[in-house]
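# Geometric and topological summary
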Amino acid sequence: MGEVYRARDLRLERDVAIKVIPELVSLDPERLLRFEQEAKAVAALNHPNILAVYQMGTYLGMPYLVSELLEGKTLTEFIRRGPLTLHKAINLGVQIAHGLAAAHDKGIVHRDLKPDNLFVTIDGRVKILDFGLAKVILPRQSSHNLAVTITLPGVALGTIGYMSPEQVRGQSTDQRADIFALGAILYEMVMGKQTFQRPTSADTISAILNEEPPSIAELAPDTPAALERVIRRCLEKNPAQRFQSASDLAFALEAVSDPSITGSRGTAAPSARPHGRYL
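So, here's what we can say about the structure. What you see is a predicted model, and the numbers here were worked out from it, not measured in a lab.

For the rest of this paragraph, the subject is the packing of aromatic side chains. Evaluation of the coordinates by the stated rule reveals one aromatic pair. With centroids separated by 6.0 Å and ring planes inclined at 5 degrees, the aromatic side chains of F180 and F196 adopt a geometry described as stacked. Taken together, the positions of F180 in helix α6 (residues 175-191) and F196 in the loop between α6 and α7 (201-210) put the pair 16 residues apart, joining distant regions of the chain. Taking the relative accessible area as the measure of exposure, F180 reaches 0% and is therefore buried. Lying over the aromatic face of Y54, R14 brings its terminal NZ or CZ to 3.9 Å of the ring centre. R233 extends its terminal NZ or CZ atom over the ring of F243, reaching a point 4.3 Å from the ring centre.

Structure follows, in structure tokens:
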């Protein structure tokens, strides 16, 4: 979507991040609409687990977005090093769920949740980024029973590997699509590999629609059964069988985080690869 620069706000004497959309890209009406939608969606939110946006504008024909400056790494960078500790995976999952709950309460569905869009600051706080594909659902009491999106019916938008079955099919989505994506991310944090990754995009889509991810219990038998049940419920093919709210998911993860059942893992089963733990 653009380039991000570190900058200095001279008036308020603070460092900020500036996201700039190149002029060539800004001439694309769809991309420009995405950028503007992202700014409006995030500006409507105020939560410690969501990137704070300060300002939006245009300079020399180039739209820009000013946000808080984050120090740390994306979740992708942590997962590349191997599975996270169970304590850390659950802690990050709870934070992400709370951030999603705040967005969903405002009628905003992210629709592109993935490790690249989750930033872990140096003090361990998760920030949800990039609402460029967000779907803004108007309140039920509104006279307009519409969802404000930039998509067309039957068009799938998102990142393959984290898209819910209904997204893959190009069907209408709601907050439960984000819950599916978070389930895939939880699985990846625990196992150190993508949930539905296959050799080709077509194979990955087929797996999302028709297959269950490899059993956590078999590959890492010391994982609490309660955690695997939470992840499995997030990854249900039928949205009606998933957690119906991110708040419920956060509560379920917090219940799993009881120290008596989430001790660090022991040796992996002989059939599984060794589990080094990070973060």
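What follows covers the pairing of strand β7 (residues 118-121). Going residue by residue along β7, you find L118 and V120 tucked away on one face and F119 and T121 tucked away on the opposite face as well. Here three bridges tie strand β5 (residues 72-74) to β7, and the two strands are oriented antiparallel to one another. In the strand pairing of β7, T74 is matched with F119. The sheet contact formed by β7 and strand β8 (residues 126-128) spans three bridges and is antiparallel. In the sheet register, V120 faces β8, and the bridge partner there is V126. Between β7 and the antiparallel strand that follows it, β8, lie four residues; G124 among them carries a positive phi value of about 85 degrees.

A few words on helix α9 (residues 225-234). By the burial criterion, the buried members of α9 are L227, E228, V230, I231 and C234. For α9, the angular spread of buried residues about the axis comes to 155 degrees, placing them on one side. On its buried face, α9 is in contact with α4 (86-105), α6, α8 (216-219) and α10 (246-256).

With that settled, consider the sheet that holds strand β2 (residues 14-20). Pairing within the open sheet is antiparallel, and its four strands lie in the order β1-β2-β4-β3. Edge positions in the sheet fall to β1 (3-9) and β3 (53-59), since each has one partner strand and no second. For this sheet, the mean angle separating the axes of adjacent strands, direction not counted, is 30 degrees. Note: β1 against β2, seven bridges, orientation antiparallel. Looking at the pairing, R6 lines up with A17 of β2. Most of the contacts of helix α2 (residues 29-43) go to strand β4 (residues 62-68), to which it runs at about 25 degrees, and overall it touches β2, β3 and β4.

Moving on, we get to the pattern of salt bridges. Applying the stated rule across the entire model yields twelve salt bridges. For K114, the salt bridge goes to D112, with nearest N and O atoms at 3.8 Å. For the pair shown, K114 and D112 are each scored as buried. A salt bridge links R198 to E211; the nearest nitrogen and oxygen atoms lie 2.7 Å apart. Taken together, the positions of R198 in the loop between α6 and α7 and E211 in the loop between α7 and α8 put the pair 13 residues apart, joining distant regions of the chain. Accessibility expressed as a relative area gives 32% for E211, which makes it partly exposed. Three or more residues are tied together by salt bridges with common partners; here these are R6, R8, D15 and E71.

Moving on to the packing of α4 against α6. Remark: α4 packs on α6, axes separated minimally by 10 Å, with the N-to-C direction vectors making an angle of 165 degrees. As judged from the angle between their axes, α4 and α6 are roughly antiparallel. Here α4 and α6 pass one another in a crossing that is right-handed. Here L86, A89, L92, G93, I96, A97, L100 and H104 of α4 lie close against α6, whose contacting residues are Q175, D178, L182, L186, M189 and V190. Of the residues assigned to the contact of α4 with α6, the class counts are ten nonpolar, three polar and one charged.

Our next topic: the sheet that holds β7. Read across the sheet, three strands follow the order β5-β7-β8 without closing on themselves; strand pairing throughout is antiparallel. Each end of this open sheet is capped by a strand with a single partner; those strands are β5 and β8. Sheet twist, expressed as the mean angle between neighbouring strand axes with direction ignored, is 25 degrees. Sheet contacts for α4: β7 and β8; angle to β8, the most-contacted strand, approximately 35 degrees.

Another aspect to go through is α6. Over its 17 residues, α6 runs 25 Å from end to end, which matches the ideal 24 Å to within 8%, given 1.5 Å per residue. Among the 17 residues of α6, 16 are classified as buried, and the element is accordingly described as predominantly covered. Immediately beyond the C-terminal end of α6, within one or two residues, lies G192, with a positive phi of roughly 80 degrees.

Rules behind the numbers
- The numbers attached to residues start from 1 for each chain and follow its sequence in the written order.
- Since the coordinates come from a predicted model, pLDDT governs what is reported: local features require at least 70, and pairs of side-chain atoms require 80 or more to be given and counted, while whole-chain, interface and lining totals use all residues.
- The side-chain numbers reported here are obtained from all heavy atoms of the structure, hydrogens and water having been left aside.
- For Phe, Tyr and Trp, where Trp contributes only its six-membered ring, two rings pair if their centres lie within 6.5 Å, and the inter-plane angle classes them as stacked under 30 degrees, edge-to-face over 60, or tilted in between.
- Each helix is a run of DSSP H or I of at least 4 residues and each strand a run of E of at least 2, with the numbering of both proceeding from the N terminus.
- The cut-offs for exposure are 20% and 50% of the maximum accessible area for each residue type, with area from a 1.4 Å probe on protein chains only; residues under the lower value are buried, those over the upper are exposed, and the others partly exposed.
- We call a charge positioned over a ring when the NZ of a Lys or the CZ of an Arg lies within 6 Å of the ring centre and within 35 degrees of the ring normal.
- When DSSP finds at least two bridges between two strands, those strands are taken to pair.
- What the arc covers is the set of directions going from the helix axis to the C-beta atoms.
- In this analysis, two residues are considered to be in contact whenever any of their non-hydrogen atoms come within 4.5 Å of each other.
- In this analysis an axis means a line fitted to C-alpha atoms, helices contributing only their contacting stretch, and an angle means the value between N-to-C directions, from 0 to 180 degrees.
- One side-chain nitrogen of Lys or Arg within 4 Å of one carboxyl oxygen of Asp or Glu is enough to make a salt bridge.
- To sort the angles, those under 35 degrees are grouped as roughly parallel, those over 145 as roughly antiparallel, those from 65 to 115 as roughly perpendicular, and the leftovers as oblique.
- For a crossing to be left-handed, the near helix must be turned anticlockwise from the far one by less than a right angle; the clockwise case is right-handed.
- Throughout, the ten residues Ala, Val, Leu, Ile, Met, Phe, Trp, Tyr, Cys and Pro are labelled nonpolar, Asp, Glu, Lys and Arg are labelled charged, and all others, Gly among them, are labelled polar.
- The span you would expect from a helix comes to 1.5 Å times its residue count less one.

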